[in-house]
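The primary structure of each chain is shown beneath.
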2 protein chains.
Amino acid sequence: MRDNCGCTRCRHPATLERILDPLSVPSDLDAASASITDAGALQVVWQPEDHVSDYESDWLRAHRGGTHARSQRDPAPVTWGAELSEAMPGADHEAVTGDDSTLLHWLRLLRDTGVAVLRGTPREPLSVLALAALIGPARATNFGEHFDVVSKPEPNSNAYTALGLLCHTDLPNWERPPDYQLLHCLENEAKGGDSILVDGFRAAAALRRREPAAYRLLTQRPIDFRFQDRESDIRFRAPTIALDETGAVKEVRFNFAVMDAISAPAERIGPLCRALRAFAAVVRDPTLECHYRLSPGELLIFDNRRVLHGRAAFDPSTGRRHLQGCYVDRDQLLSRIRVLERQAPPQ
Amino acid sequence: MRDNCGCTRCRHPATLERILDPLSVPSDLDAASASITDAGALQVVWQPEDHVSDYESDWLRAHRGGTHARSQRDPAPVTWGAELSEAMPGADHEAVTGDDSTLLHWLRLLRDTGVAVLRGTPREPLSVLALAALIGPARATNFGEHFDVVSKPEPNSNAYTALGLLCHTDLPNWERPPDYQLLHCLENEAKGGDSILVDGFRAAAALRRREPAAYRLLTQRPIDFRFQDRESDIRFRAPTIALDETGAVKEVRFNFAVMDAISAPAERIGPLCRALRAFAAVVRDPTLECHYRLSPGELLIFDNRRVLHGRAAFDPSTGRRHLQGCYVDRDQLLSRIRVLERQAPPQ
């Protein structure tokens, strides 16, 4: 409580950051007296420091029992399967940019469901960066601040071919894979190329039910990933399914294209490969797959640390297919939601 | 081994990424025959698939026993204390930009020691972004792609005042705090304002030795952090000291200025506050503190997830003090080292 004194000697009035040096507080500190001020705050006099702190009743209520009130916690994720093919959540660009409560609704969808489409966006190159700015600045990677998903003559990623792509998460070879991925559809005339999305949280739950031993292995044993081209050589090893402190799934890394040889004692490699096959089979379960064909002017956004994405092969001789993509941080998305909630009631 | 076949049907010849669908491989796969080719590769014929894979001897050696050869692993960190005040590691800007082996040496310093200075940099605004590009693109945060550390009229962070700053890591209130911080000194005429650096890995080891119970608590119990201003409200909770799978310290988050009220059952808060005080005392141990006064034209870079930084108060009436800063990713730094090592022998 002493550390949370809000007086101007303890907290800077402009920055709102703490300026109190915690080691300046005597270690034999005690609340010598407590009273209620005329404004209804709890006033504590700390001794031997002789420091006076006021605590508002809202703050005290939110921190009672030492635990934040429930409204400060993120709601549980809303998982989904094939039914999303017919009911892709989304919003209109005009509404989201013109009305803060629609923007807030759309950001909450992205936080809780992990996927949403924005319709009627400007079909201009680099719009994706302006659309990202609804959340925050783009996060640059070895593929640049933004990237063009087109069939290229000298591709450095399978994404830049016309090949089908198995459902995967992007950049699992990074210690810190990007959080949210934006894909802005500029052209989609080619035959094929439909998008496929799978909720990795639901897939992990299905694996846990069907093959608990495989699930356990994938939560415990790291898999090696590596991407290399002329400019980069980016490697990281991490478990396929990462759990939080409560044992809930918090992150999925799954990408055969950039999986490296597994670095582990030889006797562990067979079971780990079989567990990965089991998860790959679950990820291809039709009841989990959402199929969606992006139309020009649509922006698809999804949580890249939860949602796996893929695509059917396309035939570049039948027309152009051009998506522009970038990444943004979850920290920024959650911050935008909280700032918008200052004006709007929480859910 | 089957997954690591390098033939053009399994791995795309241009992208070098896997195109093999692992589920297309029969689960009763076996190596029906193995022989040595004229070029010295191991050739395996897989059945019932009837697929032929060649494995180079270098690859086999590097992966023998299922474990990567040691040279692919990062070396252990080199920890330091007050002696660095007189021996700050660094390099000259001209040498680093003109000679790849000097650049490689400097990047390895940053990786292993976690801190280095670059001398003789251009004293022009925004040079810091060009200097970051020696490693990779800047990582934007709520403070922008770059930020100016000066005493401002309406500061939204204590960094933008003339106050002294206790040693801390930046942005512990983010799920993903920035990896490396760059601070480019443009002006430093004011009285005071010397920089202080502490190796968080050494500080954690000292805490473990002196107060093992406090160390254990700080590795286990999350601390709540929060930054808020008009544009942002960014919160995260994480342990002060994070350990990797082997139990070694991999990350330190320590910042009283943006510490929020701790969210925990009431009976845990006292012990946690005492453990934080114990760590704060260790961090202020003079044998751990490196003092360094930045000169105009110097760029200080340090690992923000390991090295704590602070500064003495300065008197803005005695002269200007202006640093420009930004952040870059460790993934990019390690990648630069590996690409440079293609031409140079490993350490």
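One structure accompanies this document, and this report is about it. These numbers come from a predicted model, not from an experiment.

1. A word on the overall build of chain A
Phase 1: Secondary structure summary: chain A contains 8 helices and 19 strands in total.
Phase 2: C-alpha extents for chain A along the principal axes are approximately 80 × 55 × 40 Å.
Phase 3: Considering only residue pairs separated by 6 or more positions, chain A has 74% of its internal contacts joining residues 24 or more positions apart.
Phase 4: In the form shown here, chain A has an accessible surface area of approximately 14,900 Å², with 51% of it arising from carbon and sulfur atoms.
Phase 5: A gap of 6 Å separates the mean positions of the 42 positive and 48 negative side-chain charges of chain A.

2. Here's the deal with the sheet that holds strand E17 (residues 307–311) of chain B
Backbone hydrogen bonds are what pair the strands of a sheet, in a parallel or an antiparallel way.
Residue and element names in this part refer to chain B.
Phase 1: Ordered by their spatial adjacency, 4 strands build an open sheet running E7-E17-E10-E15, and the pairing between neighbours is antiparallel. Looking along the sheet, the strands with just one partner apiece sit at the ends: strand E7 (165–168) and strand E15 (289–292). Shown here is a sheet whose adjacent strand axes are inclined to one another by a mean of 20°, direction ignored.
Phase 2: Strand direction decides the pairing type here: strand E10 (residues 195–199) and E15, joined by 4 bridges, are antiparallel. In the strand pairing of E15, Ile196 is matched with His291.

3. Structural notes on the relation of the copies chain B and chain A
Phase 1: Superposing chain B onto chain A requires a rotation of 180° together with a translation of 0.0 Å along the rotation axis, leaving an RMSD of 0.0 Å. Here the two chains are linked by the operation of a two-fold rotation axis. Scanning chain B for the C-alpha nearest the rotation axis identifies Arg139 of chain B, at a separation of 3.2 Å.
Phase 2: Comparing interface residues between copies, 99% of those in chain B also lie at the interface in chain A; the contact surface is shared.

4. Some remarks on the interface of chain B and chain A
Phase 1: With 82 residues of chain B in contact, the opposing surface of chain A contributes 81 residues.
Phase 2: Each partner contributes to the roughly 6,500 Å² buried at the junction of chain B and chain A, and carbon and sulfur atoms together form 43% of this total.
Phase 3: By the criterion of area lost to chain A, the three top residues of chain B are Arg176, Arg277 and Asp331 of chain B, representing 12% of everything that side buries.
Phase 4: Where chain B meets chain A, there are 10 salt bridges.
Phase 5: Among the ionic pairs, Asp179 of chain B bridges to Arg176 of chain A, the shortest N-O distance being 2.3 Å.
Phase 6: Counting every contact that joins chain B to chain A gives 42 residue pairs in polar contact (both at pLDDT 80 or more).
Phase 7: Secondary-structure elements contributing two or more residues to the side of chain B that touches chain A are strand E11 (222–228), strand E12 (233–239), helix H7 (266–283) and helix H8 (330–341) of chain B.
Phase 8: Counted by class, the side of chain B that touches chain A contains 33 nonpolar, 22 polar and 27 charged residues.

So, how was this worked out
- Residues numbered from 1 in each chain as written.
- Chains lettered and ligands numbered in written order.
- Predicted model: local features only at pLDDT ≥ 70, side-chain atom pairs only at ≥ 80, totals over all residues.
- Heavy atoms only, no water.
- Helix = DSSP H or I, 4+ residues; strand = E, 2+ residues; numbered from the N terminus.
- Contact = heavy atoms within 4.5 Å.
- Areas by Shrake-Rupley, 256 points an atom, 1.4 Å probe, with all protein chains shown as cover.
- Lys, Arg positive; Asp, Glu negative; His and termini not counted.
- Charge placed at Lys NZ, Arg CZ, Asp CG, Glu CD.
- Pairing = 2+ DSSP bridges.
- Axes fitted to C-alpha atoms, helices over the stretch in contact; angles between N-to-C directions.
- Least-squares fit on C-alpha atoms with pLDDT ≥ 70 in both.
- Buried area = accessible area lost by both parts, 1.4 Å probe.
- Salt bridge = Lys/Arg side-chain N within 4 Å of Asp/Glu carboxyl O.
- Polar contact = N/O pair within 3.5 Å; in protein donor to acceptor, adjacent residues only side chain to side chain.
- Nonpolar A, V, L, I, M, F, W, Y, C, P; charged D, E, K, R; others polar.

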